[in-house]
Amino acid sequence: MNQLGNTFRKHVASTSIPGCTVTKVDDDHFVFETPNATGAVTFYAIEGMPEIVELRINDADQPDEPTFFLHFELEDQERAEELFSQMTEALAQQEHYDTRRVLLCCTAGMTTSMFAAKLQEAARTLSLDYSFEAIPLEEAKAQGGTWDAVLLAPQVGYQRKMVAEAFPDAVVVEMPAKIFATFDAVGALRMVMHLLSDHTVFSQPDAENLKFMRHVKNDKRIMCVTCIKRPASTWMGWRIYDSGTVVGYGRAVKPKHDVRDIEDLIATLPAQGFAVEDLDAIGIAVPGVVSRGKVTFHGKNEDNTYDLGHAIAKRYHTKVFVENNARAAAVGCYVSQTDYDSLVLHTQQTGLPGGGQGIIIDGHLSKGRKSYAGELGPLLNAVYGPDRDLEAAWTPEGMRDIVARTLAADISLISPDAVFVAVDLVDDMDALRKEIERFCPGLEQYVPDLIKVTDYRERIAFGMLALCLQKLYNPQPHRKH
């Protein structure tokens, strides 16, 4: 144990978290226990490498599904303390991830009371740790309380903004009329699980799931990293493909987004039994504007640019390719079928007024000036105005309207053969088609095929593999993948 390791261990052991018991099992293992979760800091010694530190938090009710999970090399005290601080913050807030409390509201509460009882019974049958209650809307606003989600009946959906202000820590959405009117407990549970989940599961890959349907020479060893930023967390998954076969995979999840975490993930690869020098390339799919390996995030107050590709390539002397995750997903859609040569992949998260797109025209991935193609902020500002209604993206009807308007613009500018829709709130492709046709009177024949994407992360990873192979074998731009 070197001086840095000794100093960081002392820092970990001396940390105090309200309501948490800290136990030093041995010099390499520290446990943090609260009533709702267990945290652990574990040190690993790898010959010829700096020590590896693992940070993990497991919910008491779901011990096999970590809510915080990360490995990093212990090389910098400040960085180590920053990551550990993020873990302790998440552990202190873990009480919010115990039993999930869901409130149903309508005008009088009678209908929602019956629905809540049905949902409670369904959750109990499925062993889901959810608690459903129903209170009339006005009473709920006056009573207050702590809720993880508030589901509004369609007739009071217009008060969503007011309710969201009354319950700032809850996710507030309007239930689709077809779910509420039919007491569709399965549909409601699915919606609640989506709203309250950070979607951290990246299951063991199925070799039969996606296959190359285009000509792609595939005899390289490539690591693909997928990063998805969600409102409550950032999720990262990695896979190593050897001639197309997945030989290794893993994941990490954190509350905060930091592209440096990808560097930590790659640095700890030897601890997983893989040598970075054995890789022919590393492909990284991330949110943000990606140009020549540089990643730019446009925030409200400032833009943040980081040369991720250069940082990793310089350290490992390995070819590194960085791409926007929506564009990678579009490539994944393109190479896994032969019916469509021009397509759009549209993705948009619940509650976000704008989404992102990956665009392929006649087999060519479109990036545009400074790789900004597919960023939809300016388009939506032009369609709705800069003061557009930010509440629409919380309802299925509102989200369908946003997506339909965006795709109507795509029809005018690109006229794709198909649109792959990766939007959780938009499930009904027939209803989406009718909404698009409303903006295309007399031009219905130009509305493309609409395909629901339920395996968005799989498409990203598969598309990133295809992009890496294309760049290794055919580095010329504007060529088919």
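Everything quoted here is computed from the prediction, not taken from an experiment.

Asks: Run through the overall build of the chain, naming residues and quoting values.
Replies: Looking only at helices and strands, the chain features 14 helices and 22 strands. Compactness check: the chain gives a C-alpha radius of gyration of 24 Å against a globular reference of 23 Å for 481 residues, within 12% of the reference. The buried share among the 481 residues of the chain stands at 52%. Long-range contacts, defined here as pairs at least 24 residues apart, represent 64% of the contacts in the chain between residues at least 6 apart. When the accessible surface of the chain is summed, it comes to about 22300 Å², and 48% of that surface belongs to carbon and sulfur atoms.

Asks: Tell me about the environment of Ala-271, and name the residues and values.
Replies: Position of Ala-271 relative to the elements: it lies in the loop between helix H8 (260-267) and strand E13 (281-286). Sequence spacing of Ala-271 and Tyr-44 is 227 residues, and the spatial spacing of their C-alpha atoms is 8.3 Å. Here Ala-271 is in contact with Ile-46 and Ile-52, once residues within four sequence places are set aside.

Asks: Tell me about the sheet that holds strand E20 (residues 364-366), and name the residues and values.
Replies: The strand order E20-E19-E18-E21-E22 describes an open sheet built from five strands, whose pairing is mixed. In the strand order of this sheet, the two ends are held by E20 and strand E22 (449-452), each with one partner. Strand after strand, the sheet turns through a mean of 20 degrees between neighbouring axes, direction not considered. One ladder, built from four bridges, connects strand E21 (residues 418-423) with E22; its direction is parallel. Note that in E22 the partner of Val-419 across the bridge is Leu-450. The strands touched by helix H10 (residues 325-335) within the sheet are strand E18 (343-348), strand E19 (356-361), E20 and E21, with E19 carrying the most contacts at an inclination of about 45 degrees.

Asks: Describe the packing of aromatic side chains, naming the residues involved and giving the relevant values.
Replies: All told, the structure shown has 11 aromatic pairs when counted by the stated rule. Seen from their ring centres, Phe-8 and Phe-72 are 6.4 Å apart, and the 75 degrees between their planes marks the pair as edge-to-face. With Phe-8 in helix H1 (residues 3-13) and Phe-72 in strand E5 (residues 66-73), the pair connects residues that are 64 residues apart, well separated along the chain. Exposure class is identical for Phe-8 and Phe-72. Each is buried. A centroid spacing of 5.0 Å and a plane angle of 5 degrees characterise the contact between Phe-115 and Phe-183, whose relative ring orientation is stacked. Of this pair, Phe-115 sits in helix H3 (residues 110-125) while Phe-183 is found in the loop between helix H6 (177-181) and helix H7 (185-195), placing the two residues 68 residues apart along the sequence. Of the residues examined, Phe-115 reaches a relative accessible area of 0% and is grouped as buried. For Phe-183, a relative accessible area of 21% gives the class partly exposed. Here the aromatic residues Phe-8, Phe-30, Phe-32, Phe-43, Phe-72 and Phe-84 are joined through ring pairs into a cluster of three or more. Lying across the ring of Phe-43, Arg-9 places its NZ or CZ 3.9 Å from the centre.

Asks: Mind laying out the sheet that holds strand E8 (residues 149-152), listing which residues take part and the relevant values?
Replies: Remark on secondary structure: sheet strands pair via backbone hydrogen bonds, oriented parallel or antiparallel. As summarised here, the arrangement of the four strands in space is E7-E6-E8-E9, forming an open sheet in which the pairing is parallel. Either end of the sheet is taken by a strand with one partner, and the two such strands are strand E7 (130-134) and strand E9 (171-174). Put simply, the sheet's adjacent strands are angled 20 degrees from each other on average, direction ignored. Alignment of E8 against E9, held across four bridges, turns out to be parallel. Across the sheet, Ala-149 pairs through a bridge with Val-171, a residue of E9. Its contacts with the sheet put H3 on strand E6 (100-105) and E7, and the angle it makes with E7 is roughly 170 degrees.

Asks: Run through the pattern of salt bridges, naming residues and quoting values.
Replies: Counting across every chain of the model gives 25 salt bridges. In this structure, Asp-341 engages Arg-214 in a salt bridge whose closest nitrogen and oxygen atoms are separated by 2.9 Å. You can see Asp-341 sitting in the loop between H10 and E18 and its partner Arg-214 sitting in the loop between H7 and strand E10 (221-229), a full 127 residues away along the chain. Take Asp-341: its relative accessible area is 31%, and that puts it in the partly exposed class. Judged by relative accessible area, which is 15%, Arg-214 ranks as buried. Two residues, Asp-455 and Arg-459, come together in a salt bridge whose shortest N-O distance is 3.1 Å. By the burial criterion, Asp-455 is buried, and Arg-459 matches it. Through salt bridges with shared partners, one network takes in Arg-79, Glu-82, Lys-254, Asp-258, Arg-260, Asp-261 and Asp-264.

Conventions we followed
- Residues numbered from 1 in each chain as written.
- Predicted model: local features only at pLDDT ≥ 70, side-chain atom pairs only at ≥ 80, totals over all residues.
- Heavy atoms only, no water.
- Helix = DSSP H or I, 4+ residues; strand = E, 2+ residues; numbered from the N terminus.
- Rg over C-alpha atoms; globule rule 2.2 N^0.38 Å.
- Buried < 20%, exposed > 50% of the residue type's maximum accessible area, 1.4 Å probe, protein only.
- Contact = heavy atoms within 4.5 Å.
- Areas by Shrake-Rupley, 256 points an atom, 1.4 Å probe, with all protein chains shown as cover.
- Pairing = 2+ DSSP bridges.
- Axes fitted to C-alpha atoms, helices over the stretch in contact; angles between N-to-C directions.
- Phe/Tyr/Trp six-rings, centres within 6.5 Å; stacked < 30°, edge-to-face > 60°.
- Lys NZ or Arg CZ within 6 Å of the ring centre and 35° of its normal.
- Salt bridge = Lys/Arg side-chain N within 4 Å of Asp/Glu carboxyl O.

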